[in-house]
Amino acid sequence: MPASAQNNVSKDPEKSKNTPAVKVQGLADVVALDSHIAFVNGKIGQLSYRGYDIRDLAQNTSYEEVFCLLHDGDLPNQARLDQVKEQLRAALVLPEGIWSILRRIPKDANPMASLRTAVSALSLFDDEADDGSPEANYRKSIRIVARVPSIIAAIDRLRKGKEPVAPRTDCSHAHNFLYMLNGERPGEMAERTFDTCLVLHAEHGLNASTFASRVIGATLSDMYSAVTGGIAALKGPLHGGANQEVMRMLLEIDRSGRRPADYIAAKLAKKERIMGFGHRVYKTMDPRAGILKDMGKGLGEEIGSLKWYEMSLEMMEIMKAEKSLYPNVDFFSASIYYALGIAIDLYTPIFALSRTAGWSAHLKEQWEDNRLIRPKAAYVGPQGKRTLPIGQRT
Ligand code: ACO
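Residues numbered from 1 in each chain as written. Predicted model: local features only at pLDDT ≥ 70, side-chain atom pairs only at ≥ 80, totals over all residues. Heavy atoms only, no water.

### Focus on the sheet that holds strand β3 (residues 38-41)
Backbone-to-backbone hydrogen bonds pair the strands of a sheet. The strands run either parallel or antiparallel.
Here is step 1: The three strands lie next to each other as β3-β4-β5, forming an open sheet whose pairing is antiparallel. Two strands bound the open sheet, and with one partner strand each, they are β3 and β5 (52-53).
Here is step 2: Here strand β4 (residues 46-49) pairs with β5 via two bridges, running antiparallel. When the bridges of β5 are listed, Tyr49 appears paired with Tyr52. (Pairing = 2+ DSSP bridges. Helix = DSSP H or I, 4+ residues; strand = E, 2+ residues; numbered from the N terminus.)

### Quick look at the packing of aromatic side chains
Here is step 1: In total, this model carries six aromatic pairs according to the counting rule given.
Here is step 2: Summarising the aromatic geometry, the rings of Phe177 and Phe194 are spaced 5.4 Å apart at their centres and angled 15° between planes, so their arrangement reads as stacked. Here Phe177 is found in helix α7 (residues 173-182), whereas its partner Phe194 is found in helix α8 (residues 188-201), with 17 residues between them in sequence. A single burial state applies to Phe177 and to Phe194, both of which are buried.
Here is step 3: Consider the rings of Phe331 and Phe332, whose centres lie 5.0 Å apart with planes at 80°: the pair is edge-to-face. The residues Phe331 and Phe332 share a single accessibility class, namely buried.
Here is step 4: Feature note: the residues Phe177, Phe194, Tyr337 and Tyr347 constitute an aromatic cluster, connected by ring pairs. (Phe/Tyr/Trp six-rings, centres within 6.5 Å; stacked < 30°, edge-to-face > 60°. Buried < 20%, exposed > 50% of the residue type's maximum accessible area, 1.4 Å probe, protein only.)

### A few points about helix α11 (residues 242-256)
Here is step 1: The end-to-end C-alpha distance of α11, which contains 15 residues, comes to 21 Å, matching closely the 21 Å that a straight helix rising 1.5 Å per residue would cover.
Here is step 2: Inspection of α11 places Ala242, Asn243, Gln244, Val246, Met247, Met249, Leu250, Leu251 and Ile253 among the buried residues, and these make up the whole buried set.
Here is step 3: Elements that come into contact with the buried residues of α11 comprise α12 (260-269), α14 (307-323), α15 (329-339) and α16 (347-368).
Here is step 4: Gly257 lies just past α11 and shows a positive phi near 75°. (Expected span 1.5 Å × (residues − 1). Contact = heavy atoms within 4.5 Å.)

### With respect to the nonpolar core
Here is step 1: Formed by 102 residues in total, the largest nonpolar core has its most connected members in Tyr49, Leu102, Leu115, Phe177, Phe194, Met315 and Ile342.
Here is step 2: The element that contributes the greatest number of residues to this core is helix α6 (residues 134-159), accounting for 11 residues.
Here is step 3: Look past the residues within four positions of Leu115 in its chain and what remains in contact with it is Val148, Ile151, Ile152, Ile155, Ile231, Pro349 and Ala352. (Core = buried A, V, L, I, M, F, W, Y, C linked by side-chain atoms within 4.5 Å.)

### Considering the side chain of His71
Here is step 1: With respect to the helices, strands and loops of the structure, His71 is situated in helix α2 (residues 63-72).
Here is step 2: By relative accessible area, which is 2% here, His71 ends up buried.
Here is step 3: Once residues within four sequence positions are removed from consideration, His71 is found in contact with Arg50, Tyr138, Ser141, Ala357, Ser360, Ala361 and Lys364.

### Topic: the environment of Glu184
Here is step 1: Among the secondary structure elements, Glu184 is positioned in the loop between α7 and α8.
Here is step 2: With 19 residues separating them in the primary sequence, Glu184 and Val165 have C-alpha atoms 9.4 Å apart.

### A look at the pairing of β4
Here is step 1: Where β3 meets β4, four bridges bridge the pair, whose relative direction is antiparallel. What sits directly across from Val40, in β4, is Leu47.
Here is step 2: In this structure, the hairpin formed by β3 and β4 is closed by a connection of four residues, where Gly45 is found at a positive phi of approximately 70°.
Here is step 3: Counting the residues between successive antiparallel strands, the hairpin from β4 to β5 contains two residues, one of them, Arg50, with a positive phi of roughly 50°.

### Structural notes on the pattern of salt bridges
Charged atoms that come close allow side chains of opposite charge to pair.
Here is step 1: What the rule picks out here adds up to 22 salt bridges.
Here is step 2: Glu128 is paired through a salt bridge with Arg143; the nearest N and O atoms lie 2.9 Å apart. Here Arg143 lies in helix α6 and Glu128 lies in the loop between α5 (111-122) and α6, a separation of 15 residues in the sequence.
Here is step 3: The class of Glu128 is buried, set by a relative accessible area of 15%.
Here is step 4: One salt bridge connects Arg192 with Asp195, and the closest N-O pair in it is separated by 3.7 Å. Of this pair, Arg192 and Asp195 both sit in helix α8, three residues apart, roughly one helical turn.
Here is step 5: Residue class for Arg192 comes out partly exposed when judged on its relative accessible area of 35%. (Salt bridge = Lys/Arg side-chain N within 4 Å of Asp/Glu carboxyl O.)

### Regarding the environment of Gly278
Here is step 1: By secondary structure assignment, the location of Gly278 is in the loop between α12 and α13 (287-303).
Here is step 2: C-alpha of Gly278 to C-alpha of Pro327: the two residues are 49 residues apart in sequence and 6.3 Å apart in space.
Here is step 3: In this view, Gly278 contacts Leu325, Tyr326 and Asn328; residues no more than four positions away in its chain are not counted.

### A word on the domain arrangement of the protein chain
Here is step 1: Its domain assignment divides the protein chain into domain 1 (3-31) and domain 2 (32-378).
Here is step 2: Taking only C-alpha atoms into account, the centre of domain 1 sits 33 Å from that of domain 2. (Domains from an automatic or database assignment.)

Now the structure itself:
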């Protein structure tokens with residue numbers, strides 16, 4: 001790690017203040033706020049939402065139940081779950097104005113850019129966009145969670161020259177997305193696998209995109225702005241954008257006929273990163289990666305090809321031995337989405353689809369006890385310069 005990347009303590013340059021300011025590169029390990037939503041223990045690879053271990057949730061709950069858990073603080077009873085499903089169903093249809101925007105998006109646009117644009121545009125067609133009451137914010141959470149799958153499916157179909165498919169109202173969130181994407185109903189295994197992926201990606205504490213969302217929310221800006229900011233942060237390859245890079249890497253290794261070990265050695269020699277490995281918080285296996293690994297094996301057996309699973313396992317062992325780095329959530333999710341037949345550049349939008357539950361729950365929490373989030377920079381530039389007339393400047 002370069003010296004500049006080390007956590008270090010520096011004196012506050014504003015000499016008038018006696019309290020030293022702590023400078024932490026990348027805000028690593030800085031505690032910015034209290035949250036009741038997710039607990040992450042990076043040393044032992046533990047993640048829980050509202051006190052429930054992620055393995056338990058992945059095995060026993062649906063995405064809709066997790067939405068309730070994140071928003072309400074506990075798992076829903078049947079009546080509450082039915083209510084949320086009904087609220088989501090009622091919000092499924094996209095406003096007419098969004099369709100005219102979606103139909104004008106260039107066919108070769110990055111789907112994350114298209115999604116970011118469409119979610120931002122949702123506010124233009126919502127009379128409650130600037131209503132900051134808890135009730136209006138809840139209704140907007142429901143609208144965003146319900147509409148993002150329709151937007152992603154429409155983006156994909158329109159760019160392929162196909163007509164969008166109207167949402168169903170008789171199935172789960174996971175089922176509906178796969179149906180709108182492919183125009184046919186998914187099998188039970190595909191639905192369950194996808195639903196579990198949604199559960200696993202729904203929330204992860206104060207990660208970069210959630211932090212971005214909360215920073216925007218803390219200015220008392222609106223829900224659409226804050227979620228749009230979350231999508232923008234998630235797009236980066238060091239965050240949610242890594243899942244697509246993982247699949248491109250697996251395909252590149254496969255096409256080149258090289259051994260994963262040789263591919264990794266060449267990349268590391270050039271000081272390049274291997275996507276899907278490493279994490280700011282986890283210093284061992286990300287528990288979501290462990291669950292996805294097992295799911296990838298099951299799915300591979302079901303479709304009769306363990307090729308990607310085996311290649312991924314080999315890479316995992318090499319990275320552990322060479323760099324002591326472990327897979328993160330983006331590593332095994334990539335080959336699962338590939339096995340489900342989903343276009344590679346939709347993997348990050350799908351991450352966003354799921355994370356709308358976490359972002360909106362965090363915004364609710366932020367607004368319940370809001371304070372502007374505003375750190376400061378240690379100014380290390382020049383001081384005391386004087387302006388020169390433009391003709392005398394070099
Ligand atoms: N491949 C190779 N080397 C790596 C990797 C990797 N995937 N990850 C970290 N390193 C190395 C860095 O080069 C650095 O080495 P150096 O000290 O010799 O310079 C050291 O490990 C520490 O890296 P940092 O970037 O300082 O660690 P940080 O905690 O800031 O980064 C991050 C975490 C961004 C996730 C990093 O591990 C990474 O770039 N991984 C690949 C991208 C990825 O998979 N992102 C998804 C993360 S999960 C999520 O956001 C949903």
